[in-house]
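Listed below are the residues making up each chain.
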Amino acid sequence: MKSPASFNSFGRSSSKLSNYSRLFDLPDDLEDPTRDEYGVGGAMLPIFLSDLQRNNHQDLVEVTLELENDSIVFCSVAPPSTPPPPAVAVDERETSSVAASSGIFARSLSVTSRIRRKFAWLKSGSSSRASSTAAENDHDQERRITARDERRIKAKLQRTKSTAQQALKGLRFISKTTGANDAEEMWRRVESRFESLAKDGLLAREDFGECIGMDSKEFAVGIFDTLARRKRQRIQKITKDELHDFWSQITDQSFDARLQIFFDMADSNEDGRVTREEVQELIMLSASANKLSKLKEQAEEYAALIMEELDPENFGYIELWQLETLLLQRDTYMNYSRPLSTTSVGWSQNLSHVRPKNMVRRVCFSIRCLILENWRRGWILLLWMMAMTALFAWKFMQYKNRAAFQVMGYCLCTAKGAAETLKLNMALILLPVCRNTLTWLRSTKARSFVPFDDNINFHKTIAIAIGIGVLVHGGSHLSCDFIFLTNAPPEKFARIASYFPHGKQPTYPELLVGILGVTGISMVILMAIAFILATSRFRKNILRLPAPLNRLTGFNAFWYSHHLLGLVYVLLVIHGTFLFLTHKWYQRSTWMYISVPLLLYIGERSVRTCRSEHYSVKIFKVSVLPGNVFSMVMSKPQGFKYKSGQYIFLQCPSISPFEWHPFSITSAPGDEYLSVHIRTAGDWTQELKRVFTDVNDSPFVIGRARFGHPGHVDQNGQPKLLVDGPYGAPAQDYRNYDVLLLVGLGIGATPFISILKDLLNNSRAEEQMDSNTEMTTSDDSWNSLASSNFTGISGSTMGGKKKTHKTKNAHFYWVTREPDSFEWFKGVMDEVAEMDHKGQIELHNYLTSVYEEGDARSTLITMVQALNHAKHGVDILSGTRVRTHFARPNWKEVFRRIASKHPNATVGVFYCGMPVLAKELKKLSWELSHKTSTRFEFHKEYF
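Residues numbered from 1 in each chain as written. Predicted model: local features only at pLDDT ≥ 70, side-chain atom pairs only at ≥ 80, totals over all residues. Heavy atoms only, no water.

A. Layout of the overall build of the chain. Each helix and strand in the chain was counted, giving 35 helices and 20 strands. Here the chain holds 943 residues, and 45% of them are scored as buried. Sequence-distant contacts, at least 24 apart, represent 73% of the contacts inside the chain between residues at least 6 apart. Entry remark: accessible area of the chain is about 48,100 Å², with carbon and sulfur atoms responsible for 57%. (Helix = DSSP H or I, 4+ residues; strand = E, 2+ residues; numbered from the N terminus. Buried < 20%, exposed > 50% of the residue type's maximum accessible area, 1.4 Å probe, protein only. Contact = heavy atoms within 4.5 Å. Areas by Shrake-Rupley, 256 points an atom, 1.4 Å probe, with all protein chains shown as cover.)

Shown next, in the form of C-alpha cells:
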C-alpha cells in the first residue's frame, strides 16, 4: 500500500482525494481469512484480499480506496470493470447476464462485508472518534455505500442495446441525421461558416454556436468550455483543426460519448461528481436556451428533485452511471402521463385500401378520392356556373334577334349577357354573409350536402365573378357598342330610335353623363374601392403605406369600405330602371334578382340591431392573463341559447358605436354565464382591455381619441357591452362525429374549450343518471310494486328527454409558442384531467419555443418534467396535470394513432388557427381516410 505503483488509477484525482483500484487474483491455497495475522494493512492487505476467496479462484473483485492525507477510507468492492462487449452481442448475452446477477450480488456484497469486518479502521478517515458513535456512523455509511453499489450493478445489468439506442434519441446535440453523406455535408457547412466567422484563422468562443448551427449561444458556449476542459485548456479561440475535433465529438453517434459530454457540462470542477449546485446551473442553462424564465426561478427546487431521485443515499453528488440510468429509463418516467393509446387493432390491421401501383389505376384512385372529398363544393359550383352560362346565353340570343343587333352587333349581346350574370351574382353574394340564416341551416339536414364552412370562400368567388362581369359589361359598352351607336348611319339608328328620348341619336359624352353612365361609373368606382381594401394585403395590414395613406389599411378600412356596397345596390336599382332598348317594366328585371336577398340581408341587420340592444350584458369578472390575453365573464342574456363552438359579436359603444368584433365562446351551454378570451391584437381590443381593467380612468369618459363619446354606461356605472349572436361555426357540428380531433394554435384553442367543457358536463350528467338508475333499481320490492305505475311513466318521460351523444372520444392538441399561454385555460385543463373518469378526453399540450424532445438542450428539462409529474402530478411548464410536449407534433403519427385506436369510426377534424397548418391537416385527413377504415372529415376556421 505504500507503493502507489502497485495500483491502477481509477477516475479523476482532486487535490485532497485519490481513488485507486486493483484487481486481485484470489488463489485458493491461503490461510483461513478469519485469523487476524496480517495486522492492520500495509503490505499485507493484498494477501488478505487473496485469502478472502481462496476456495473460488475464478472470482475477481475491484476494491476502491480513498487516500486522504495519512488516512485510508474504504469506498466499495465491486465486480471488475471490463470493456463493454460489442453492441451486436448485447441481446444474446441479456439472458445469461440477468441470470447471473444474483450470484454476482451475493459474492460482491459478501466480499464487502468481510473486508469491513477485517479492517474496521478503513470505515473512517479518523481513528479518534468515540467508539459507539463511530460504530453507528460506520454502520450507516456501510449501508448507504452498499445500497449505491447495488443500484450501480443493477443499472449495468439492465442496460441493453435497445435502451441505449432509445436513450441516444434523447441526447442529440446537433441533428437527427446519422448517414455519412449527411455528416460530410454538415461539416462542409460548418467549415464554410468558419471561414466567414474566423479572424486570423481562429474562431472566437462566442461565435462557436453560430458556426456549428446552434442558435442557443449560452448552451453552445457551455459545450465549448466542456470540450476545452477535456484538453486541460482554458481557451477563448480555436483553430479549424480544433473545431473539427470538437465537431467530431458532439456529432459522435455513440451514446456513451454523448452522455460523457453532457455529464462533463455539469461537472464543471472535473472531479467526476455532479453536485446539486452543478445540476442547478445546468438546469438554468437549459432554461435559458429554451427561453423559460419561470423554470430558471425554480431551478433550485428542480435540482433538489433530481438529486432526491438519483441520490437516495444522500451522498450529495451523483456520478456518470446515475445520469445514464435516468436517460435509459426516460420512456419509463415519461409514460406515466401519456394517455393509453394502444389498441387491439394494429395499424396494419386498419388498412382498408392500398394505393394502386399501376399508373392508370393510381390516377383513377386519385380522381375518385378527389370527388369524394369535394363533391359538395363541386355540385354548388357546377350549379352556379350552369346558371350563369344559361343566363348569359339566353340574354345573348335574345338581343341577337332584336333590331339593336343590326346597329351595335355582338358587342351589345356580350354586354347584355354579362349584365344578366351580374344581376345574379349581386343577389347571390349577399347570401353567404346572412349569418343568422346560415346558423339556422347548419342545424338542418342541409348541412349534409351544402358546405356551409366555405361560405366566405364562396362569397369571395362570387366577388371575383362580379369583377369579371363588370369588366366585360363596362368594357363592351365603353369601347364597342357606344361607339357603334353614336356613329351609326341615320337609317340604321331609325330602327331603334323609339328607345331613346325624342328619338334623338345620342353622342358619346351624352351617354357618359346620362343616368346610366353616371350610375354605372359610380358603381365601378365604389366596388373597386371595396374590393381593393378587402384584399389580404390591405385587410391584414401587410402593406405598409406612409401617413395618412396608412389609414387605408387594416380591418377598420375593410369594414367601413364594405358598407359602401349599400350605396352600390341603390345605384344598381336606378341603373336597371333607366335601361335603354326596353319599354316594358318586367323586362327591367334587376329588382327581381336582388329584392329577396337584399330584404333578407336588411332583415338580418335589423334583427341584429334590435337583439344587440336587448342583449346588453353585465360584466362579472375581467382577468388579465399572460401573453396579451384577457378573459371576460359576463351575464347570459335572457333567452340566449348557443352551442359549443359558436361565436358572438361584441360592441362597446364607449369605444365605437359602429364596430362589432367576433370572439369564440369559451363557456359551455350548460353554464349560467358567458365567457370569452380575447387577445389584444389591435387597437379596439387594446382599448377594450383598458376600458374594463384601468381603474384610474373615470367610467363616464372612456374611449379612443377619435371617438371619445362620453356616457355609454349602464345603470351600475359600468361601460356598456352589447352582444350579438350566437353565430354558427364549423366546430358547432362536433356532435355529428364519433371521435373528435381538435387542433388549436395559440388563441385558436378558444372554440374547443367550450366543447371540452360541454363533453365533460354531458359525461357528468350521464354518470349522475346512471347512479340514479342504480338507486332506483335497488329499492325493495314492496316500494317498487307500490310505485310501479308512476315509475314507468316517469322513467319513460326521462328516457324520452334523454339525449344520446354520438361523440365518445376527443383528442385535443393545443400548440402554442409562449409557455405563459397555458395560464389561459389552466382551470379547464385540471378539471378535465380530474373529472374525466372514463378517459373520454385526451389532452396534449405542445410548446414550440422549447427544443424538441431528444435535443440535448431540452434533455434535462424533460427529466425534470417527468420526475415532477411522477411525484407531484403537475407539469412544470403548464402547471396542470397535462404533460407538455416539446416542439411541434408529428401530425402524421397523430393521425395514424387515432386511426389505429378508432377503426371504422368517423373522426371530425376541427382546426382553428393560422392558415399555414390547415393545408397539412387537410391533406392528412384525405390520405388517412382512403388508407384506413377510419374516415376523417376536416373543418377549419381562421383567426
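Now that the structure is up, let's keep going.
B. Quick look at the pattern of salt bridges. By the definition in use, this model includes 21 salt bridges. We note a salt bridge from Glu185 to Arg189, for which the minimum N-O separation is 3.5 Å. Within this pair, Glu185 and its partner Arg189 are both found in helix α6 (residues 180-197), separated by 4 residues, close to a single helical turn. The partner of Asp733 in a salt bridge is Arg442, with the nearest N and O atoms 3.8 Å apart. A residue pair is termed long-range when its members are at least 10 positions apart, and Asp733 in the loop between β14 (722-727) and β15 (739-745) and Arg442 in helix α19 (residues 435-442) qualify at 291 residues. According to the relative accessible area criterion, Arg442 is buried, its value standing at 6%. (Salt bridge = Lys/Arg side-chain N within 4 Å of Asp/Glu carboxyl O.)

C. Spotlight on the state of the cysteines. Counted by the stated rule, this structure contains 1 disulfide. A disulfide-free cysteine, Cys413 has its sulfur positioned 9.0 Å from the sulfur of Cys411, the nearest such atom. (Disulfide = S-S within 2.5 Å.)

D. Representation of the confidence of the model for the chain. Averaged over all residues, the pLDDT of the chain equals 75, while 72% of them reach at least 70. When mean pLDDT is taken per element in the chain, helix α18 (residues 410-428) scores highest with 94 and helix α31 (residues 788-801) scores lowest with 38. Scored below 50 in pLDDT, residues 52-58 makes 21 contacts in the model with residues more than four places away or belonging to other chains. This stretch, residues 82-114, has a pLDDT under 50; its non-local contacts, to residues over four places away or in other chains, come to 31 contacts. (pLDDT = per-residue confidence, 0-100.)

E. Layout of the sheet that holds strand β13 (residues 673-679). Ordered by their spatial adjacency, 3 strands build an open sheet running β9-β10-β13, and the pairing between neighbours is antiparallel. Because the sheet does not close on itself, it has two edges, and the strands there are β9 (619-625) and β13. When strand polarity is set aside, the average angle formed by the axes of neighbouring strands in this sheet is 15 degrees. Alignment of strand β10 (residues 629-635) against β13, held across 7 bridges, turns out to be antiparallel. Counted as the bridge partner of Met632 is Val676 from β13. (Pairing = 2+ DSSP bridges. Axes fitted to C-alpha atoms, helices over the stretch in contact; angles between N-to-C directions.)

F. Up close: α19. Of the residues making up α19, those classed as buried are Leu438, Thr439 and Arg442. All buried residues of α19 fall inside an arc of 105 degrees around its axis, so they share one side. Each element contacted by the buried residues of α19 is listed here: α20 (455-486) and β14. (Arc of directions from axis to C-beta.)

G. Seen up close, the sheet that holds strand β20 (residues 935-942). Judged by pairing direction, the sheet is parallel, and its 6 strands sit side by side in the order β18-β17-β16-β15-β19-β20 without closing on themselves. This sheet does not close on itself; its edge strands, each paired only once, are β18 (884-886) and β20. With direction set aside, neighbouring strand axes in the sheet form an average angle of 20 degrees. Pairing of strand β16 (residues 809-816) with strand β17 (residues 841-847) involves 7 bridges; the strand directions are parallel. Across the sheet, residue Tyr813 finds its bridge partner in β17, namely His844.

H. Expanded view of the pairing of β10. The element β10 is largely enclosed, with a buried count of 6 among its 7 residues. In this sheet, β10 lies alongside β9 in antiparallel orientation, the contact comprising 6 bridges. Looking at the pairing, Val624 lines up with Phe630 of β10. Counting the residues in the hairpin turn of β9 and β10 gives 3 residues, including Gly627, whose phi is positive at 75 degrees.

I. Here's a closer look at the side chain of Thr685. With respect to the secondary-structure elements, Thr685 resides in helix α28 (residues 683-693). By relative accessible area, Thr685 is classed as buried at 9%. If we ignore the near neighbours within four places in the chain, the residues touching Thr685 are Phe630, Phe663, Ile678, Arg679 and Thr680.

J. Molecular detail of the environment of Ser763. Checked against the element boundaries, Ser763 lands in helix α29 (residues 750-777). Given a relative accessible area of 3%, Ser763 falls into the buried group. Here the alpha-carbon distance between Ser763 and Asp836, two residues 73 residues apart in the chain, equals 7.8 Å. If near-sequence neighbours (up to four positions away) are discounted, Ser763 is found in contact with Lys838 and Gln840.

K. Summary view of the pairing of β14. Summarising burial for β14: 6 of the 6 residues are buried, a large majority. Relative to β14, strand β11 (residues 647-651) is paired through 4 bridges, and the arrangement is antiparallel. Looking across to β14, one finds that Gln651 is bridged to Leu722.

L. Here's a closer look at the packing of aromatic side chains. Taken as a whole and judged by the stated rule, the model has 27 aromatic pairs. Geometrically, the ring pair formed by Phe208 and Phe246 is edge-to-face, given 6.2 Å between the ring centres and 80 degrees between the ring planes. You can see Phe208 sitting in helix α7 (residues 208-212) and its partner Phe246 sitting in helix α9 (residues 240-250), a full 38 residues away along the chain. Pair check on accessibility: Phe208 and Phe246 agree, each one buried. Ring centres 5.1 Å apart and planes at 45 degrees place the aromatic pair Phe895 and Phe936 in the tilted group. With a gap of 41 residues between them, Phe895 in helix α34 (residues 891-901) and Phe936 in strand β20 connect regions that are remote in the sequence. A single burial state applies to Phe895 and to Phe936, both of which are buried. A network of ring pairs unites the aromatic residues Phe392, Phe396, Phe405 and Tyr410 as a single cluster. (Phe/Tyr/Trp six-rings, centres within 6.5 Å; stacked < 30°, edge-to-face > 60°.)

M. Here's a closer look at the nonpolar core. Among the nonpolar cores identified, the biggest contains 92 residues, and Phe208, Ile223, Leu243, Ile283, Leu740 and Phe812 are the most heavily contacted of them. The residues that make up this core include at least three from each of domain 1 (179-251) and domain 4 (742-767 + 805-941). Sequence-distant contacts of Leu243, that is, excluding residues within four places in its chain, are made with Trp187, Val190, Phe194, Leu203, Phe208, Cys211, Ile212 and Ile238. (Core = buried A, V, L, I, M, F, W, Y, C linked by side-chain atoms within 4.5 Å. Domains from an automatic or database assignment.)

N. Spatial organisation of the packing of helix α13 (residues 299-310) against helix α33 (residues 856-872). One way to put it is that α13 packs onto α33 with a least axis distance of 10 Å and a crossing angle of 75 degrees. Judged by the angle between their axes, α13 and α33 are roughly perpendicular. Of α33, the residues touching α13 (which contributes Tyr302, Leu305, Ile306, Glu308 and Glu309) are Leu860, Val864, Leu867, Asn868, Lys871 and His872. Partitioning the contact of α13 with α33 into residue classes produces 6 nonpolar, 2 polar and 3 charged. (Parallel < 35°, antiparallel > 145°, perpendicular 65-115°, else oblique. Nonpolar A, V, L, I, M, F, W, Y, C, P; charged D, E, K, R; others polar.)

O. The arrangement of the packing of helix α16 (residues 359-400) against α20 in detail. Where α16 meets α20, the axes come as close as 13 Å, and the angle between the chain directions of the two elements is 25 degrees. As far as their axial angle goes, α20 and α16 are roughly parallel. Judged by the twist between their axes, the crossing of α16 over α20 is right-handed. For the pair formed by α16 and α20, the contact residues are Ile380, Leu381 and Trp384 on the first element and Phe458, Thr461, Ile462 and Ala465 on the second. Taken together, the residues of the contact of α16 with α20 break down into 6 nonpolar, 1 polar and no charged. (Left-handed = near helix turned anticlockwise from the far one by under 90°.)

P. Spotlight on a nonpolar patch on the surface. Taken together, the side chains of Met359, Val363, Ile367, Ile371, Trp375, Trp379, Leu383 and Phe449 present a nonpolar region at the surface, about 790 Å² in accessible area. With respect to the helices, strands and loops of the structure, Ile367 is situated in helix α16. In this structure Ile367 comes out as partly exposed when scored by relative accessible area, which is 46%. (Patch = residues over 30% accessible without salt bridge, like charges linked within 9 Å, V, L, I, M, F, W, Y side chains within 5 Å.)

Q. Main features of unusual backbone geometry. Each neighbour pair has its own omega, and for Ala547 with Pro548 the value is 0 degrees, a cis peptide bond. Here Gly725 and Pro726 are connected by a cis peptide whose omega angle stands at 0 degrees. Within the secondary structure, Pro726 is located in strand β14. A positive phi angle is found at Leu581, which is not glycine, with a value near 65 degrees.

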